[in-house]
Amino acid sequence: KAGVTQTPRYLIKTRGQQVTLSCSPISGHRSVSWYQQTPGQGLQFLFEYFSETQRNKGNFPGRFSGRQFSNSRSEMNVSTLELGDSALYLCASRREYPYEQYFGPGTRLTVT
Amino acid sequence: SQQGEEDPQALSIQEGENATMNCSYKTSINNLQWYRQNSGRGLVHLILIRSNEREKHSGRLRVTLDTSKKSSSLLITASRAADTASYFCATDDSGGSNYKLTFGKGTLLTVNP
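The present account deals with the structure reproduced in this document.

So, how was this worked out
Residues numbered from 1 in each chain as written. Chains lettered and ligands numbered in written order. Predicted model: local features only at pLDDT ≥ 70, side-chain atom pairs only at ≥ 80, totals over all residues. Heavy atoms only, no water. Helix = DSSP H or I, 4+ residues; strand = E, 2+ residues; numbered from the N terminus. Polar contact = N/O pair within 3.5 Å; in protein donor to acceptor, adjacent residues only side chain to side chain. Contact = heavy atoms within 4.5 Å. Buried area = accessible area lost by both parts, 1.4 Å probe. Salt bridge = Lys/Arg side-chain N within 4 Å of Asp/Glu carboxyl O. Disulfide = S-S within 2.5 Å. Buried < 20%, exposed > 50% of the residue type's maximum accessible area, 1.4 Å probe, protein only. Pairing = 2+ DSSP bridges.

### Points about the side chain of T64 of chain B
In this fold, T64 of chain B is placed in strand β7 (residues 61-66). Reaching out from T64 of chain B, the side chain makes a polar contact with the side chain of S73 of chain B at a distance of 2.6 Å.

### A few points about the interface of chain A and chain B
Taken together, the contact between chain A and chain B spans 24 residues of the former and 21 residues of the latter. Carbon and sulfur atoms supply 50% of the area that chain A and chain B bury against each other, a total of about 1800 Å² over both sides. On the chain A side of the interface with chain B, the three residues burying the most area are L43, Y99 and F103 of chain A, jointly 30% of the side's total. Where chain A touches chain B, the interface holds zero salt bridges.

### Considering the state of the cysteines
Residues and elements named next belong to chain A. Following the criterion strictly, the structure yields two disulfides over all chains and no others. Across a sulfur-sulfur distance of 1.7 Å, C23 and C91 are joined as a disulfide pair. Handedness here is read from the sign of the S-S torsion; for C23 and C91, about -55°, the answer is left-handed. Taken together, the residues span a long stretch of sequence, with C23 in strand β3 (residues 19-24) and C91 in strand β9 (residues 87-94) at a distance of 68 residues.

### So, the pattern of salt bridges
Residues and elements named next belong to chain A. Across all of its chains, the model carries nine salt bridges over all chains by this definition. Residue E75 is joined to R73 by a salt bridge in which the shortest nitrogen-to-oxygen separation is 3.4 Å. Taken together, the salt bridges that share partners define one network made up of E48, R55 and R94.

### Focus on the pairing of strand β11 (residues 107-111) of chain A
Residue and element names in this part refer to chain A. The side-chain alternation of β11 yields one buried face, formed by T107, L109 and V111, and one unburied face, formed by R108 and T110. For strand β2 (residues 10-13) and β11, the ladder comprises four bridges, and the chain directions are parallel. Looking at the pairing, L11 lines up with L109 of β11. In this sheet, β11 lies alongside β9 in antiparallel orientation, the contact comprising three bridges. Note that in β11 the partner of Y89 across the bridge is T107.

### Re the pairing of strand β8 (residues 74-78) of chain A
Residue and element names in this part refer to chain A. Counting buried residues along β8, five of its five residues qualify, which places the element largely inside the surrounding structure. Burial along β8 is two-sided: S74, M76 and V78 and E75 and N77, pointing in opposite directions, are all buried. Across five bridges, β3 lies against β8 in antiparallel orientation. Within β8, the residue paired with L21 across the bridge is M76.

Here it is in structure tokens:
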């Protein structure tokens, strides 16, 4: 079974631009979550989607948004990029039960 | 905020030795999971232990959970150079329909050949 895939793997953007990251979950997984990882703050939860609905949201500004499509694929968008948005963005998918989350390889975003 | 806090922050051992990492958390949890991350790559799920379980094994991994002390430990036996990675504990303290994991800052394990 194919794992979680994320595209692109690497991205360089300029401050003020916006970016869209994509995640394809494991087949049959309907829950998709996004996390941001930085050296300073570690791994932080962004949001979770299930059946095209956002069920939970972390403590991030409104510049961070996401959506999920009917095939469970998900995108996250960051608008008006700031230098501090440079991070590894990880997507994870899971079945409803059991609760193990399976992570993709991540998208490394660099904001200059 | 960080729920899980791993201890130690860094651990260096020789191949063949055992490695023990600890995790403490603050609130009641549904389950606790351990993940491995190799040098800035994605997280690999290692093991999940539910709040009503005390110990779980998977290959060379042994995880314990003490909910009264709000702590967990991960033991890797007979370590190999390939075990070199960062290890994170993550707690699920939300209801099943509002799922999110809260991660600690991790333990960097170095296994020297």
